[in-house]
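Listed below, chain by chain, are the residues.
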Amino acid sequence: MRRLVPWLLAAVFYMTLTVVFTWPLVVRLSDVLASDLGDPILNTWIIWWNAHAVPLSARWWDAPMFWPSAGALAFSEPLLGLAHLPTPIQWLGGSPSTAYNIAFFLTFPLSALATHALVFRLTRRHDAALIGGLIYGFHPFRVAHFPQIQVMTSYWMPASLLGLHAYLESRRRQWLWLSAGAWLMQALSNGYYLLFFPVLAGLWIVWFTLSP
């Protein structure tokens, strides 16, 4: 229990900071959209469609837009890497806007906590991990991309790096599965990160495994 206390305190801190950072979003989840009415409307529609069609099926690809084009969903980000959050909310009766806003809200504490875990694995210090979580979870680049929830969904990358570092230390294969799964989810969340993150992972391999 003593080991869990710092993690619980960090989670509460990141959640509270997110409430302040995005206020009044948390009390208006069903009647507003975070940021503007451009990309968030499109992404809310895609989130709705992911909850109503079987992913990767022919019907899913032929989303009801840009008729009569086939495979219309390929024109944009499918957002499958974050469907685990908004899809159950809609199945339980939540509106698409509520599902979108909750997924957007959680990108902050999840990014911070994933980085907190990564930094703690490297340093064994919660103070250093807290600084890392604050920097990654709330840095200005995220503010500039409020309308693009796919860019905001970046918590899978530190989770993947955590798996690599843990495997290098313990040689347990489950950490490799964690790293690979997190990389896949990140790739399904954002096409940019699908291309960018493997560059970082390749540099990680060179630095930590091939260098003397």
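Structural data are supplied above this passage.
Here the structure is a predicted model, which means the values were calculated and not measured. (Residues numbered from 1 in each chain as written. Predicted model: local features only at pLDDT ≥ 70, side-chain atom pairs only at ≥ 80, totals over all residues. Heavy atoms only, no water.)

Comments concerning the overall build of the chain
To keep things clear, this is the line we draw: Working definition: helices are DSSP H or I runs of at least four residues, strands are E runs of at least two. Numbering for both runs from the N terminus. This radius of gyration counts C-alpha atoms alone. The globule rule is 2.2 Å times how many residues there are, raised to the power 0.38. Residue exposure (1.4 Å probe, protein chains only): buried if accessible area is under 20% of the type maximum, exposed if over 50%, otherwise partly exposed. For every accessible area listed, the method is Shrake-Rupley and the probe measures 1.4 Å; residues are considered covered only by the protein chains on display. His is not counted, nor are the chain ends, whereas Lys and Arg count as positive and Asp and Glu as negative. Charge placement uses NZ in Lys and CZ in Arg. For Asp and Glu, CG and CD serve respectively.
Regarding its fold elements, the chain presents eleven helices and zero strands. Starting at the N terminus and walking to the C terminus, you meet the elements of the chain as α-α-α-α-α-α-α-α-α-α-α. Relative to its length of 212 residues, the chain is compact, with a C-alpha radius of gyration of 18 Å against a globular reference of 17 Å. Dimensions of the chain along its principal axes, counting C-alpha atoms only, are 55 × 40 × 30 Å. For the chain, the proportion of its 212 residues judged to be buried stands at 42%. When the accessible surface of the chain is summed, it comes to about 11700 Å², and 73% of that surface belongs to carbon and sulfur atoms. The chain carries 11 positive and 7 negative side-chain charges, and their two centres are separated by 20 Å.

Comments concerning the nonpolar core
We count it as follows: Side-chain atoms within 4.5 Å are what join buried Ala, Val, Leu, Ile, Met, Phe, Trp, Tyr and Cys residues into a set we call a nonpolar core. Should any heavy atoms of two residues lie within 4.5 Å, those residues are considered in contact.
Counting 34 residues, the largest nonpolar core has L73, Y100, F104 and I149 as the members making the most contacts within it. At the level of elements, α1 (4-22), α2 (39-50), α5 (96-123), α8 (149-152) and α9 (156-170) are the ones that each hand at least two residues to this core. Broken down by element, this core gets its largest block of residues, seven residues, from α5. With sequence-adjacent residues up to four places away left out, F104 is seen in contact with T22, L25, A34, F146, I149 and M152.

Some thoughts on a nonpolar patch on the surface
Going by this rule: Think of a patch as exposed residues, more than 30% relative accessible area, with no salt bridge, where like charges cluster within 9 Å and nonpolar side chains (Val, Leu, Ile, Met, Phe, Trp, Tyr) cluster within 5 Å. Salt bridges are defined by distance alone: a side-chain nitrogen of Lys or Arg within 4 Å of a carboxyl oxygen of Asp or Glu.
On the surface, a cluster of nonpolar side chains totalling about 700 Å² of accessible area is made up of W183, L184, L188, Y192, L194, L195 and F196. When contributions to the nonpolar patch are tallied by element, the ones reaching two or more residues are α10 (173-189) and α11 (191-210). For the nonpolar patch, the element with the most residues is α11, which contributes four residues. Looking at the element boundaries, L195 is found in helix α11.

Some details on the packing of aromatic side chains
Cut-off, in case you're wondering: Under the pairing criterion, centres of Phe, Tyr and Trp rings, with the six-membered ring standing for Trp, must be within 6.5 Å; the plane angle then separates stacked pairs below 30 degrees from edge-to-face pairs above 60, leaving the rest tilted.
The final tally for this structure, using the stated rule, is 17 aromatic pairs. Geometrically, the ring pair formed by F21 and F146 is edge-to-face, given 6.3 Å between the ring centres and 90° between the ring planes. Of this pair, F21 sits in helix α1 while F146 is found in the loop between α7 (140-144) and α8, placing the two residues 125 residues apart along the sequence. The class of F21 is partly exposed, set by a relative accessible area of 36%.

Here's the deal with helix α6 (residues 126-138)
Defined as follows: In a helix, the anticipated span is given by 1.5 Å times the number of residues less one.
Between its first and last C-alpha atoms α6 spans 17 Å; for 13 residues at 1.5 Å apiece the expected length is 18 Å, and the two agree. Turning to α6, its buried residues number three or more, namely A129, G132, G133, G137 and F138. Buried residues in α6 make contact with α1, α5 and α7.

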